[in-house]
Amino acid sequence: MSEMRYEAPTTLAAAVVLLSETMGSARVLAGGTDLLIQMRAGRISPELLIDIKGIPEMTSILVENGCYRVGAAVTGMQLIEHEAFAKEWPGVIDGVKLIGSIQVKGRATLGGNLCNASPAADSVPALIAAGAVVSIIGPAGGREVAVETIATGPGRTSLARGEIVTSILLPRRTPYCGDAYLRFTPRTEMDIAVVGAGVSLTLDEQGFCRQARVALGAVAERALLVPEAAAALIGTRVDAAALERLAAAARAASRPIDDKRATREFRLKIAGVMAHRAAEIALERARRRN
Amino acid sequence: MARHQVTATVNGDAVEFLCETGETLLEVLRDELNLTGTKEGCGTGDCGACSVTVDGRLVCSCLVLGVEAEGRSIETIEGMAVGADLHVLQRKFLEHDALQCGICMSGILIASRSLLERNPDPTESEVRFWLAGNLCRCTGYHKIVEAVLDAAREMRGA
Ligand SMILES: Cc1cc2nc3c(=O)[nH]c(=O)nc-3n(C[C@H](O)[C@H](O)[C@H](O)COP(=O)(O)OP(=O)(O)OC[C@H]3O[C@@H](n4cnc5c(N)ncnc54)[C@H](O)[C@@H]3O)c2cc1C
Ligand code: FES
Ligand code: FES
């Protein structure tokens, strides 16, 4: 550990060069709330830490053609305190608010929550439901991908060597749209999701659901987009029957593990319950928003 | 090469220290700067005993690297009382017997001050949510919450 170097580049280009040219292991350091713990536990011992918080585009929340672009190193508290963002994306905020304590959220970033690739990461199902697009920069240039393609399994991502997530772009909001994220945990605060569910939906003026996205966390090796669950809502008034079909589709898409936090059977049942309740909250928010 | 020279402000005073990349801000405060009021409970962000503010932002100093303090302003428990004058929160914690062993206390005081700076009139549940990252194994929290609410009342002049 005493050999470990630290760099705080102020441009994306410099960060990419550092990350791709280091011979040994280099790690991006955002809030460090996952990384420092993994280092302390001896699970990783990087040769170089690249602190990205000094790069302006990584730490700003911008509005671009009416869409929010959130820098990957924006912290949870920064986002929660951004009132206009919180009004547009209450479901994303639901997820961010659940990331540890106030202290943890003062450091934890969206990019870190995503790239740490925990299947239980709380902001990720909400971002998937939102239809977020991730901007990535690397030695071969930039690319954009859907947020659900980043994590591939616990602690594993689809990022190539030298690639950094720079920002997360959320789509434009329209009238009658709403989103929500809910998780089940044994404690109300400071716990890891047993199951999480994110729902984003849009109604038309008659109250029929025109568009929907549903995502589940902690029920598979990564957060899942569940199109069958969204299909159960589209074209309906999101009535009891539609919500029951949504819950059934959520259960069917889940492939959870058994562990000390919950049994497989319990997770399957709760996946349906969380999706159902998140959809009801999203619906309520969509009705209020015109 | 891996040893960094860092310049920061701690409780209003300019400080300079040397640290390794892997050293946390908590280690720097306690072992380099002899500010041992900030405690280590877990070292993993779970207990909040190490709470400080960095540029006004409440964080766990066990999850911040010393080198990240470069150019920043850090506030610890040592800066809370002015000379012999306790901060209202400190006084109220004493009045309400809101501490027993005291290991959690500096973190809870720093976190409570940070809450009252943002929200001078919090509800009981707002206090409980804000302090959810500060564990206390002695008091059962009730007296802590009472002390924070009472301090808020006094600070508002109500
Ligand atoms: C006490 C405690 C409670 C917690 N509770 C929760 C919880 O309830 N829910 C939850 O979801 N999480 C929780 N966490 C986990 C953690 O806080 C989050 O995952 C957080 O969002 C991680 O962000 P970070 O900025 O701290 O990431 P870091 O630790 O800085 O980085 C995490 C990983 O992502 C990589 N990385 C970071 N940014 C980028 C980027 N822009 N491009 C490429 N790679 C990058 C890093 O190299 C590292 O491998 C908790 C953590 C603690 C300590
Ligand atoms: S010592 Fe930092 S949170 Fe416990
Ligand atoms: S007084 Fe002992 S832990 Fe809080």
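Owing to the predicted nature of the structure, the values given are computational and were not obtained by experimental measurement.

A:V28, A:T33, A:D34, A:T109 and A:D122 are the nearest of the 36 residues found near ligand 1. Of the chains in the model, those with residues near ligand 1 are chains A and B. Note that an oxygen atom of ligand 1 is positioned 2.8 Å from one of the backbone N or O atoms of A:A30. Within the side chain of A:T109, an N or O atom sits 2.7 Å from an oxygen atom of ligand 1.

Residue and element names in this part refer to chain B. Of the two faces of strand β3 (residues 51-54), the one lined by S51 and T53 and the one lined by V52 and V54 are each fully buried. The sheet contact formed by β3 and strand β4 (residues 57-60) spans four bridges and is antiparallel. Within β4, the position partnered with S51 by the bridge is C60. Hairpin connection between β3 and β4: a loop of two residues separates the two successive antiparallel strands, and D55 in this loop has a positive phi of roughly 50 degrees. As defined by bridge partners, β3 adjoins strand β5 (residues 73-75) across two bridges and the pair is classed as antiparallel. Looking at the pairing, V54 lines up with I74 of β5.

Residue and element names in this part refer to chain B. The domain architecture assigned to chain B consists of domain 1 (3-79) and domain 2 (88-156). On a C-alpha basis, the centroid separation for the pair domain 1 and domain 2 is 22 Å. When domain 1 packs against domain 2, the two sides together hide about 1,200 Å² of surface, and 55% of this comes from carbon and sulfur. Linking domain 1 with domain 2 are one salt bridge, by the criterion used here. As a salt-bridge pair, E75 and R113 come within 3.9 Å of each other at their nearest N and O atoms. Along the contact surface separating domain 1 from domain 2 lie five residue pairs in polar contact (both at pLDDT 80 or more). Mapped by element, the contributors of at least two residues to the side of domain 1 that touches domain 2 are β3 and β4. In terms of residues, the side of domain 1 that touches domain 2 owes the most to one element, β3, which gives three residues. Partitioned by chemical class, the residues of the side of domain 1 that touches domain 2 number five nonpolar, eight polar and four charged.

A few words on helix α5 (residues 142-156) of chain B. Helical geometry: 3.6 residues make up each α-helical turn, so side chains three or four residues apart lie on a common side. Residues and elements named next belong to chain B. For α5, spanning 15 residues, the distance from its first C-alpha to its last is 21 Å, which sits close to the expected 21 Å at 1.5 Å a residue. Along α5, the residues classified as buried are I144, V145, A147, V148, L149, D150, A151 and A152. Positive backbone phi, at 75 degrees, marks G157, one or two positions downstream of α5.

Let us look at the domain arrangement of chain A. Residue and element names in this part refer to chain A. Annotation of chain A at the domain level lists domain 1 (5-51), domain 2 (56-170) and domain 3 (177-288). Each of domain 1 and domain 2 was reduced to a C-alpha centroid, and the two centroids are 18 Å apart. Counting residues at the interface gives 15 residues for domain 1, matched by 17 residues for domain 2. Of the roughly 1,200 Å² buried between domain 1 and domain 2, counting both surfaces, carbon and sulfur atoms make up 65%. Examining the composition of the side of domain 1 that touches domain 2, we find that five residues originate from one element, helix α1 (residues 12-21), more than from any other. Per-class residue counts for the side of domain 1 that touches domain 2 are seven nonpolar, seven polar and one charged.

Before going further, it helps to spend a moment on helix α8 (residues 123-130) of chain A. Residues and elements named next belong to chain A. Burial analysis of α8 places eight of its eight residues in the buried class, which makes it a mostly covered element. Along α8, the residues classified as buried are S123, V124, P125, A126, L127, I128, A129 and A130. Positioned one or two residues after α8, G131 has a phi angle of 80 degrees, which is positive.

A few words now on the interface of chain B and chain A. How big an interface is tends to be stated in terms of accessible area lost as the parts join. Contacts between the two partners involve 31 residues from chain B and, on the opposite side, 27 residues from chain A. Both faces combined, the contact of chain B with chain A buries some 2,300 Å², and carbon together with sulfur accounts for 63% of it. On the chain B side of the interface with chain A, the three residues burying the most area are B:R57, B:L63 and B:E68, jointly 25% of the side's total. Here chain B and chain A share five salt bridges between them. Viewed at the interface, chain A and chain B are joined by eight residue pairs in polar contact (both at pLDDT 80 or more). For the side of chain B that touches chain A, the elements supplying multiple residues, two or more each, are β4, α3 (105-118) and α4 (124-130) of chain B.

Definitions and cut-offs
As a convention, each chain's residues are numbered from 1 in the sequence order in which they are written. Chains carry letters and ligands carry numbers; both start at the beginning, A for chains and 1 for ligands, and go up in the order they are written. Only residues with pLDDT of at least 70 are given local features in this predicted model, and only at 80 or more are side-chain atom pairs given and counted; all residues enter the totals for whole chains, interfaces and linings. Calculation of side-chain values draws on the structure's entire complement of heavy atoms; hydrogens and water are dropped beforehand. Near, as used in this document, describes a residue that has one of its heavy atoms within 4 Å of the molecule or strand being considered. Whenever a nitrogen or oxygen atom comes within 3.5 Å of another N or O atom, the pair is scored as a polar contact, on the condition that within protein one atom can donate a hydrogen and the other can accept it, and that pairs from neighbouring residues in sequence are kept only if both atoms are in side chains. Burial classification: accessible surface area is computed with a 1.4 Å probe over protein chains only, and a residue below 20% of its type maximum counts as buried, one above 50% as exposed, and the rest as partly exposed. Every helix listed is a DSSP run of H or I at least four residues long, and every strand listed is a run of E at least two residues long, numbered separately from the N terminus. When DSSP finds at least two bridges between two strands, those strands are taken to pair. Domain start and end points were adopted from an automatic or database domain assignment. Throughout, the accessible surface (probe 1.4 Å) given up by two parts as they are put together, summed over both, is called the buried area. Note on definitions: salt bridges are taken to be side-chain nitrogens of Lys or Arg within 4 Å of carboxyl oxygens of Asp or Glu. All residues other than Ala, Val, Leu, Ile, Met, Phe, Trp, Tyr, Cys, Pro, Asp, Glu, Lys and Arg, Gly among them, are scored as polar; the first ten of these are nonpolar and the last four charged. Every helix has an expected span of 1.5 Å times one less than the residues it contains. Any pair of residues with heavy atoms lying within 4.5 Å of one another is described as a contacting pair.

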